[in-house]
Amino acid sequence: MASGAVVAETGERPIVTALLGEQNRAMTEAAVASLRQSLGLSDTEARRRFAAQPGLKALAGNLVGWLGTRQAGSWIDPADGRLVVNVLDAEGARTVEGAGARARIVPHNSAELERITTELAQENLPAGSSWGADPQADAVVVEVPNGRSFTPVRDYGDALITRKAAAPAQSLAGAARAIPTVIANTEKTDLYGGLTINRDRPGGGPCTSGFLIADSGFNYLLAAGHCGEVNSVWYRGNSKIGFISHREFGPNDFASIALTNYDVWQNRAWVFTRNGPQPVHGEAPVTVTGTTVCMRGAKTEYNCGIVTGFNFSYMDSGSGSTVRGVDRTSLCAVPGDSGAPVTVPQGNGVVGVGLLSGGATTSKGECQGVAWVEPLWKALDGAKLVTSN
């Protein structure tokens, strides 16, 4: 599976630099506020930790290369913001400590935890469950909906932790609703990530537009795979934008909307953030648990949270389909947010992390601070991310 980036060839017009700076400051403030609120930090400490995250990611990447199979995941300690790396022996611990991170010797390696994660997919887990390896717990964590139970066939000892989920895991396409008639604009309208889009008709089941991509000379808009079937037609307001040419839902969750209505829409390599559109500079997978990410959903709008795990799986409580290889986060997401671009602020813009896939919500549709993100490198599936560089 290849991935990469191409510069937009879509009539891209520059976004005013001063406006970009203001919007970027707003994104940073949202990220800092998320750290401050979730970890109970002072404003000064939250800013210090957010600023330190790129360096911690780089250090963790170097340590993975040096340690190989002798490491078992890394995470940012919520107590003091230091990078912690799980290792299997004293030699690995010395390497970690010498590089300036904190080492923790653990009994379970990454391969063992990934094997357990794979085996659990074959068991009779209740719909709405999720599971994956948590480096901070040094175990595979299974979250089961309230009122349901799960007993694994094998005894995994302390390598498996079972707990109650905040709410059943579900994909987050929205319900259809009527929308008012909108008079067509005489000029082209910008189309980019983070906007409400509707399936099959104006007002049809809403989702959120994702990143702009290019493949074989054509432009597509990424979306969540569970939002619609192949050939379903998509609208923004009363105007058609295109149709789904490819989709996957289980074990992946992404779709490509072929953009066809060039008389109405001007494709932009932007995503909507807190106060307006921001240019997309590239992609950057998050590799350290505890990293801050942000998203702009059509329903919840812009919010930030923390990555709490990688390579998780969840079983959609509605369809029973299992989505695998997603990042677990503390983002707030509700029905209608599916496909939302998940990003990290970088310079005067953002880098792409993934697409909102699912989350845990109450029966009233209230978010519970658990959301799953389809990594962007998977969703690209050989296509190229269009950037504004």
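Here the structure is a predicted model, which means the values were calculated and not measured.

### Description of the nonpolar core
Membership of the largest hydrophobic core comes to 27 residues, with the highest contact counts inside it found for F211 and L222. Looking at this core, the elements that each hand over two or more residues are helix 1 (17-39), helix 2 (43-67), strand 13 (218-223), strand 16 (253-259), strand 20 (301-315), strand 23 (350-361) and helix 5 (376-380). With five residues, helix 1 is the single largest residue contributor to this core. The contacts of L222, once residues within four sequence positions are left out, are S209, G210, F211, I213, A255, S256, L355, L376 and A379.

### Quick notes on the pattern of salt bridges
This model, assessed by the stated rule, comprises 16 salt bridges. The partner of D43 in a salt bridge is R47, with the nearest N and O atoms 2.7 Å apart. In this pair, D43 and R47 are both assigned in helix 2, four residues apart and thus about one turn of the helix distant. Judged by relative accessible area, R47 falls into the partly exposed class, the value being 31%. Here R268 and D190 are joined by a salt bridge, their closest N and O atoms 2.7 Å apart. Linking R268 in strand 17 (residues 265-272) with D190 in strand 9 (residues 189-193), this pair joins segments that are 78 residues apart in sequence. Note on accessibility: R268 and D190 belong to one class, buried.

### A word on the sheet that holds strand 4 (residues 102-105)
Read across the open sheet, the three strands follow the order 2-3-4; overall the sheet is mixed. The sheet terminates laterally at strand 2 (71-76) and strand 4, the two strands that pair on one side only. Across the sheet, the mean angle separating the axes of adjacent strands is 25° when strand polarity is ignored. Two strands pair when backbone bridges link them, and strand 2 and strand 3 (residues 83-87) are joined in this way by four bridges, in the antiparallel orientation. Bridging across to strand 3, I76 finds its partner in L83.

### Here's the deal with helix 4 (residues 110-120)
Listing the buried residues of helix 4 in full gives L113, I116, T117, E119 and L120. One side of helix 4 carries all its buried residues, which in axial view fall inside an arc of 165°. For helix 4, the exposed residues set more than 90 degrees away from the buried face come down to A111 and T118. Among the structural elements, strand 5 (130-134), strand 6 (139-144), strand 7 (160-164) and strand 20 are those in contact with the buried residues of helix 4. Taking the backbone nitrogen of A111 as reference, a side-chain oxygen 3.2 Å away marks N109 as the first, capping residue of helix 4.

The rules behind these values
Residues numbered from 1 in each chain as written. Predicted model: local features only at pLDDT ≥ 70, side-chain atom pairs only at ≥ 80, totals over all residues. Heavy atoms only, no water. Core = buried A, V, L, I, M, F, W, Y, C linked by side-chain atoms within 4.5 Å. Buried < 20%, exposed > 50% of the residue type's maximum accessible area, 1.4 Å probe, protein only. Helix = DSSP H or I, 4+ residues; strand = E, 2+ residues; numbered from the N terminus. Contact = heavy atoms within 4.5 Å. Salt bridge = Lys/Arg side-chain N within 4 Å of Asp/Glu carboxyl O. Pairing = 2+ DSSP bridges. Axes fitted to C-alpha atoms, helices over the stretch in contact; angles between N-to-C directions. Arc of directions from axis to C-beta. Polar contact = N/O pair within 3.5 Å; in protein donor to acceptor, adjacent residues only side chain to side chain.

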